[in-house]
Amino acid sequence: MNPLLINLNGWEIPIIVLVILILFGGKKIPEFMKGLGKGINSFKKGLNDLEEDIKADPTENKSSN
């Protein structure tokens, strides 16, 4: 695991949040989070679809040979 993430505490987290607010502005952050949420949901859906394909009946032939 990254040692930089483990050592964050106290004042470091609010400073990082403040820097992000200054760089991106208050209006861009909700748009970014919405896009991030959609991406995570899409990734989870893909994983679930893949898991269903793996659990599907292996004798089922999906190709039209």
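First, a word on scope: everything that follows refers to the structure included in this document. Just so you know, the residues in each chain are numbered from 1, in the order the chain's sequence is written. Under the rules for a predicted model, residues below a pLDDT of 70 receive no local features and side-chain atom pairs below 80 are neither given nor counted, while totals for whole chains, interfaces and linings still include all residues. Side-chain numbers come from the whole structure's heavy atoms, not from hydrogens or water.

### A look at the overall build of the chain
And step 1. Along its length, the chain carries two helices and zero strands.
And step 2. When each of the 65 residues of the chain is scored for burial, the buried share is 0%.
And step 3. Accessible area of the chain: about 6,400 Å², with a carbon and sulfur share of 66%. Working definition: helices are DSSP H or I runs of at least four residues, strands are E runs of at least two. Numbering for both runs from the N terminus. Only protein chains enter the accessibility calculation, which uses a 1.4 Å probe; a residue whose area is less than 20% of its type maximum is buried, one above 50% is exposed, and one in between is partly exposed. Areas reported here follow the Shrake-Rupley algorithm with a probe of radius 1.4 Å; residue values treat only the protein chains shown as occluding.

### A closer look at helix α2 (residues 12-55)
And step 1. The span one expects for a helix is its residue count, reduced by one, times 1.5 Å. Compared with the 64 Å implied by 1.5 Å per residue over 44 residues, the 45 Å span of α2 between its first and last C-alpha is markedly short.
And step 2. A residue's bend is the angle separating two fitted axes: one through the seven residues that end there, the other through the seven that start there. The largest bend in α2 comes to about 95°, at G25.

### Concerning the pattern of salt bridges
And step 1. A pair is scored as a salt bridge if a Lys or Arg side-chain nitrogen falls within 4 Å of a carboxyl oxygen belonging to Asp or Glu. With the rule as written, the count across this model stands at two salt bridges.
And step 2. In this structure, K45 engages D49 in a salt bridge whose closest nitrogen and oxygen atoms are separated by 3.4 Å. Here D49 and K45 lie together in helix α2, a separation of four residues that amounts to about one turn.
And step 3. Taking the relative accessible area as the measure of exposure, D49 reaches 34% and is therefore partly exposed.
And step 4. K55 serves as the salt-bridge partner of E51, at 3.0 Å between the closest nitrogen and oxygen. Here E51 and its partner K55 are both found in helix α2, four residues apart, which amounts to about one turn of the helix.
And step 5. Residue classification places K55 among the exposed residues on the basis of a relative accessible area of 65%.

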